Amino acid sequence: MDENIQAVTFKNSRQQKLAGRLHSPYGYTKAFAVFSPCFTCGKDVHAARRISQGLAERGIATLRLDFTGLGDSEGEFEDTNFSTMVDDLLAAAKFLETHYRAPEIFIGHSLGGTAAIVAASRYPHVKAVSTINSPCHPKHVAHHFKDLHDQILWTGEADVDISGRTFKIRKHFLEDLEAIDMTKVFSDLNAALLVFHAPGDTIVNIKNASYIFEL
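Our subject in this report is the structure included herewith.

Thresholds, definitions, all that
Residues numbered from 1 in each chain as written. Predicted model: local features only at pLDDT ≥ 70, side-chain atom pairs only at ≥ 80, totals over all residues. Heavy atoms only, no water. Core = buried A, V, L, I, M, F, W, Y, C linked by side-chain atoms within 4.5 Å. Buried < 20%, exposed > 50% of the residue type's maximum accessible area, 1.4 Å probe, protein only. Helix = DSSP H or I, 4+ residues; strand = E, 2+ residues; numbered from the N terminus. Contact = heavy atoms within 4.5 Å. Expected span 1.5 Å × (residues − 1). Polar contact = N/O pair within 3.5 Å; in protein donor to acceptor, adjacent residues only side chain to side chain. Pairing = 2+ DSSP bridges. Right-handed = clockwise from strand over helix to strand, strands pointing away.

### Brief notes about the nonpolar core
In terms of nonpolar packing, the biggest core is built from 54 residues, with Phe 10, Leu 63, Phe 82, Leu 89, Phe 106, Phe 145 and Ile 169 touching the most fellow members. At nine residues, helix α2 (residues 82–99) tops the list of elements feeding residues into this core. Residues within four places of Phe 82 in sequence aside, it is in contact with Leu 111, Thr 114, Ala 115, Val 118, Pro 138, Phe 173, Asp 176, Leu 177 and Ile 180. With nine residues, the next largest nonpolar core counts Ala 33, Phe 35, Ile 107 and Ile 132 among its residues.

If you want it as structure tokens, here you go:
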């Protein structure tokens, strides 16, 4: 492992141990950031590693994490939902605040970007948020398993194939997606916002970038 990348662990509000990697600049640290991976992704995907390292090379220390039940973090994925993603991001921010400096930047890829917006709206020290190919509303992720929607509602759970891997999705996950009011989230967000979106994205339509700006 590169000497400027440190393995860290911290606990979320449910007292589960989460794993992360902190990329630190070799010189002066301008600010700290939290990187939120995509839905079902972990801290070690290429996007998370490369962006975190790129930011560190530009003076921004960046912490990328595994959400509960993914990668090296504790917990079961089927017990998680969008709200636990947000909670994990806030736990990462609290870890940085306690041991280093309060993070001023939240960055997220795909659904992780949506979670980053929500987390930033609840974190007083944030100055900037950036999303990468992110849906405007968290319920967008439900299209990945729309054919199993009724089964999940009636039986309480279903095994869902996402990018070649099988995950168990439970009813509370769908209910939690519907409960998020993004209009209120954006009204509570006191930060600059930078939106990246690839025009040819077939998973999250670029219209979502426009929806984010409208809100």
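### Thoughts on α2
Taking 1.5 Å of rise per residue, 18 residues should cover 26 Å, and α2 covers 26 Å from first to last C-alpha, within 8% of that figure. Between the side-chain oxygen of the N-cap and the backbone nitrogen of Ser 83 there are 3.0 Å, and the N-cap of α2 in question is Asn 81.

### Examining the pairing of strand β5 (residues 105–109)
Of all five residues in β5, four are buried, a share of seventy percent or more. The sheet contact formed by strand β3 (residues 31–36) and β5 spans four bridges and is parallel. Among the inter-strand pairings, Ser 36 is bridged to a residue of β5, identified as Gly 108. Strand direction decides the pairing type here: β5 and strand β6 (residues 128–132), joined by five bridges, are parallel. Across the sheet, Phe 106 pairs through a bridge with Val 129, a residue of β6. Note that the unit made of β5, helix α3 (residues 111–121) and β6 has a crossover that is right-handed.

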